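Given next are the chains, with one letter for each unit.
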Amino acid sequence: MRTKTLRRVALTTASVLTLGLSLAACASGGGSSSGGGTADDLEAALEKGGTITYWSWTPSAEAQVAAFEKAYPKVDVKLVNAGTNTDEYTKLQNAITAGSGAPDVAQVEYYAIPQFALSDSLVDLASYGFGDLEDQYSAGPWSSVDIDGKIYGLPQDSGPMAMFYNKTVFDQYGIAVPTTYDEYVAAAEKLHAADPSKYITNDTGDSGFTTSMIWQAGGQPFTADGTDVTIDLQDDGSKKWADSWNRLVEGDLLATTPGWSDEWYKALGDGTIATLLTGAWMPGVLESSVPQASGDWAVAPMPTYDGTPVTAENGGGGQVVLKQSKNQALAAAFLKWLNSDPESIKVFLESGGFPATTADLESPEFLAQTPEYFGGQAINEVLVDASKNVPTGWHYLPYQVYANSIFADTVGQAYKNGTDLNDGLQTWQDQLVDYGNQQGFTVNK
Amino acid sequence: MASVTLTQSRPMRRNRKDWRGWGFVGPFMIVFLAVLVAPVVYAIVLTLFRQQLVGGSGFVGLENYALLFQDPKFWESLFRVTLFLVVQVPIMLILSLLAALAIDSARLHGTGFFRIAIFLPYAVPGVVAALIWGFIYGNQFGLTGSINDLLGADILQPFSSDWILASIGNIVTWEFMGYNMLIFYAALKVIPADLYEAAEIDGAGQFRIISGIKLPALRGSIVIATIFSIIGSFQLFNEPNLLKALAPNVISSYFTPNMYAYNLSFAGQQFNYSATVAIVMGIITAVIAYIVQLRGSRQEVR
């Protein structure tokens, strides 16, 4: 999950013919049973035991499943890594469309949950008493799983955004840590002028990043009320972000290294990319994938537009129970253990994850951590503080997975040509409105 | 009466014969219908419907086709692979031909080595080949970056929108040159040696032998190789789809018709429209391959 848009190397070699073949398996069949269990059913299901399947790509999944099976020997959890983010969603969506083959429990990032919830593929866990768990999670992640009073999953991690910056590079060129976007752009200019091979950050157009940045700027471009959808990628927040980011795009001040590529990791290691505005799950990635830069990086709050501390969530996700599950009570019981049992969360934290549970976010032990990689800085204080400054009311589209897939075709063109991002956002909006209306939504009408 | 019974008995006799034949053909026909005809028929049926995220599935007749013919994204992708076809396929086939003639000329040392070396890229899986070339093309840390550093300017830009098609063409040529060379080489090998002897007695030089004996003998295999290459070009998918991770803004989600079909289906859940793209592309490919074959065999007869 910390691997947000990581490795989109789809090793899929589907030709048109095999595509036709796989389509032969398609027949619409929604979920069968209704989620009519109660909280007592969970304990009973764990007592009785059984087998469930769990799809996940989190590094901690294996150890968590092992710990669960040790605690509940009668339950057998089959862990499957069905691919990372969009690869998994494709498989999940295919299984849902086919009417069989979906797992009992699956990892789904927050941005994709509305899409699966809308197609009535997920179990509403409210009847199992999951509503009582609300207090245990920070507000941002919880609002992503609680859609119109229905609880479609439990949050596992969260990604409040912060600014990761290469302190060594900043010191070398005498750049102060920017606190506003004006200062950020000035720092970008200064750094690039001092050494043309160095850039303030890399951005070739990333839908997850853009939506998070709009979120931080106070935008609410997507609103959905059932199937009535409104898309306004030119609202105040969207414009505010685009106008300030334009100065970097049009000024050629952004490295064009695509995120998560080998070149990107190298650039993070040698100072070519000096900052990253990204989710709190980043320290784990830096430590494991950019070991050569140990001691260089530090964490600061996100730059803001007017000095008022504000940030947004970037990435992160939770687990859901599929309606196709034959043993929904057991699946729900596993999910509850996975994302609320201290033993499970301990395993998750050890793997470098950033929690969504308030108890862990506020634990003195967590806050006091001073990783050597960050030169002994108490980074969690900054990151936990960020988790409290996430504006509420943000929604993703009920077809966000598709929206992200055409981002490069639309907004990406503005990045490529160094032109106005607002035009790119407008094109994106136009295509999303068309698609939504074709798919039976009522968009912008 | 007599004539009536006659006409009745004729089809009956034919029927009995037919059924016996079916016993032999049956197993093949079952497999043929199940794995070749049924998916195509199913795909055609799919194109007549439209399934929505909201509201389920409904019959729309030929609406998907009407939409497709007005879809600029589809035409753009088709134009792109056609351009690719017109430029890349002749280059690749001429290189293959030259390699086959050189190896067949018996004037090279270590032909066995060259034959294997040229064929080897074909043995590399397409996915791996695209990843290897992705590293080579990297203009910061890849080979391209090193060459640019050496030249002191960003001359090579394999991932820029002007170059990307050539970059992909280079990968495809590298991959399939050896395969086509082998087809040509096999055809050259079956030319009877007495033809060469006769040519030598008549005093023909090497170039006369090539134009008079070798090229005419190769005509059939050139047609075959061309048809394979046309199909391959129209089905271009692996290379651009893998390089998309490295050049996301240059390679769009509808860069080739196959990528468009794939993304429509798996990112957009538009299975019906995706099937329409697949069917139309199948027909276009078949028509063009047929024209090439027709032209090729007419020349052969002449």
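Residues numbered from 1 in each chain as written. Chains lettered and ligands numbered in written order. Predicted model: local features only at pLDDT ≥ 70, side-chain atom pairs only at ≥ 80, totals over all residues.

Here's the deal with the overall build of chain A
Rule in force here: For helices the rule is a DSSP run of H or I covering at least 4 residues; for strands it is a run of E covering at least 2, with both sets numbered from the N terminus onward. We take the radius of gyration over the C-alpha atoms and set the globule estimate at 2.2 Å times the residue count to the 0.38 power. Burial in this document is a count-based property: other C-beta atoms within 10 Å of a residue's C-beta are tallied, and the residue is buried at 20 or more, exposed at 12 or fewer, or partly exposed in between, with C-beta positions derived from the backbone. We call two residues in contact when their backbone-placed C-beta atoms lie within 7 Å.
In terms of regular secondary structure, chain A is built from 20 helices and 15 strands. Against the 2.2 N^0.38 benchmark of 22 Å for 445 residues, chain A shows a C-alpha radius of gyration of 22 Å, consistent with a compact globule. When the backbone C-alpha atoms are referred to their principal axes, chain A occupies close to 65 × 50 × 40 Å. Within chain A, the proportion of its 445 residues that are buried is 53%. Counting only contacts in chain A whose residues sit at least 6 apart along the sequence, the fraction spanning at least 24 positions is 77%.

Quick notes on the sheet that holds strand S13 (residues 297-300) of chain A
Residue and element names in this part refer to chain A. For the record, the criterion: At least two DSSP bridges between two strands are needed for those strands to be called paired. For helices, the fitted line uses only the C-alpha atoms of the stretch in contact; every axis is such a line through C-alpha atoms, and the angle between N-to-C directions lies from 0 to 180 degrees.
Here we have three strands laid out as an open sheet, ordered S12-S7-S13, and antiparallel in their pairing. Edge positions in the open sheet fall to strand S12 (275-279) and S13, since each of these has one partner strand only. Neighbouring strand axes in the sheet, compared pairwise and without regard to direction, differ in orientation by 30° on average. Bridge analysis of strand S7 (residues 161-166) against S13 gives four bridges, and the strand direction is antiparallel. Paired with Tyr165 across the bridge in S13 is Ala298.

Some thoughts on the domain arrangement of chain B
As a reminder of what qualifies: Residue ranges assigned to each domain were obtained from an automatic or database domain assignment. Here the nonpolar group is Ala, Val, Leu, Ile, Met, Phe, Trp, Tyr, Cys and Pro; Asp, Glu, Lys and Arg are the charged ones; every other residue, Gly included, is treated as polar.
Partitioning chain B into structural domains gives domain 1 (2-47) and domain 2 (69-301). A class-by-class count of the residues in the side of domain 1 of chain B that touches domain 2 of chain B yields three nonpolar, one polar and no charged.

Here we look at the confidence of the model for chain B
Residue and element names in this part refer to chain B. For clarity, the threshold we go by: Values of pLDDT, ranging from 0 to 100, describe the predictor's confidence in every residue of the model.
Of the residues in chain B, 92% reach a pLDDT of 70 or more, and the chain-wide mean stands at 89. Confidence drops under pLDDT 50 across residues 1-7; counting only partners more than four residues distant or on other chains, this segment forms zero contacts. Predicted as a complex, the structure gets a pTM of 0.85 and an ipTM equal to 0.82.

Observations concerning the domain arrangement of chain A
The extent of an interface is frequently quoted as the accessible surface area lost upon association of the parts. All names here are of chain A. According to the domain assignment, chain A contains domain 1 (30-158 + 316-361) and domain 2 (161-312 + 392-443). On a C-alpha basis, the centres of domain 1 and domain 2 stand 29 Å from each other. Across the boundary between the two partners, domain 1 contributes 15 residues, which contact twelve residues of domain 2. Put simply, the parts of the chain that give the side of domain 1 that touches domain 2 at least two residues each are helix H4 (86-98), helix H5 (113-118) and helix H6 (139-145).

Concerning the UniProt feature "transmembrane region" (unreviewed entry) in chain B
Residues and elements named next belong to chain B. We count it as follows: UniProt positions are given in the numbering used here, feature names are shortened, and annotations may be inferred rather than shown by experiment.
According to UniProt, the "transmembrane region" (unreviewed entry) feature falls on residues 21-49, 78-101, 113-136, 163-188, 217-237 and 271-292. With 100% helix and 0% strand, the stretch residues 78-101 has end C-alpha atoms that lie 34 Å from each other. Between the end C-alpha atoms of residues 113-136 the distance is 24 Å, and the span holds 92% helix and 0% strand.

Observations regarding unusual backbone geometry
All names here are of chain A. With phi around 25°, Asn85 is a residue other than glycine that occupies positive phi space. Within the element layout of this structure, Asn85 appears in the loop between strand S2 (75-80) and H4. The exposure class assigned to Asn85 is buried, which follows from the 25 C-beta atoms found within 10 Å. Non-glycine residue Asp148 carries a positive phi angle of around 50°. Relative to the helices and strands, Asp148 resides in the loop between strand S4 (146-147) and strand S5 (150-151).

Here's the deal with the interface of chain A and chain B
Contact with chain A, which involves 42 residues of that partner, is made by 42 residues of chain B. Within the residue set of the side of chain A that touches chain B, elements represented by two or more residues are helix H1 (16-23), H4, helix H11 (262-270), helix H18 (400-405) and helix H19 (407-417) of chain A.

Describing the pairing of strand S1 (residues 50-55) of chain A
All names here are of chain A. The following threshold applies: Seen with its strands pointing away from the viewer, a crossover is right-handed when the path leading from the first strand over the helix to the second is clockwise.
Direction of pairing for S1 relative to S2: parallel, over a ladder of six bridges. The residue bridging Ile52 from the neighbouring strand is Val77, located in S2. Taken together, S1, helix H3 (residues 61-71) and S2 form a β-α-β motif whose crossover is right-handed. Note that S1 and strand S3 (residues 105-109) share two bridges and pair parallel.

Things to note about the packing of helix H10 (residues 236-250) of chain A against helix H20 (residues 421-438) of chain A
Residue and element names in this part refer to chain A. Applicable threshold: The scheme is simple: roughly parallel for angles under 35 degrees, roughly antiparallel for over 145, roughly perpendicular for 65 to 115, oblique for anything else.
At a minimum axis separation of 8 Å, H10 and H20 run at an interaxial angle of 130°. Relative to H20, the element H10 is oriented oblique. Contact with H10, carried on its side by Ser238, Lys239, Ala242, Trp245, Asn246 and Val249, involves Leu421, Asn422 and Leu425 of H20 and no other residues of that element. Taken together, the residues of the contact of H10 with H20 break down into five nonpolar, three polar and one charged.

Concerning helix H8 (residues 181-194) of chain A
All names here are of chain A. Stated formally: Take the number of residues in a helix, subtract one, and multiply by 1.5 Å to get its expected span. Taken from the helix axis, the directions to the C-beta atoms give the arc we talk about.
With 14 residues, H8 extends 20 Å from end C-alpha to end C-alpha; this agrees with the ideal 20 Å at 1.5 Å per step. Within the sequence span of H8, burial applies to Tyr181, Tyr184, Val185, Ala187, Ala188, Leu191 and His192. The arc that holds the buried residues of H8, viewed along the axis, is 155°, so those residues lie on one side. Residues of H8 that are buried sit in contact with H10.

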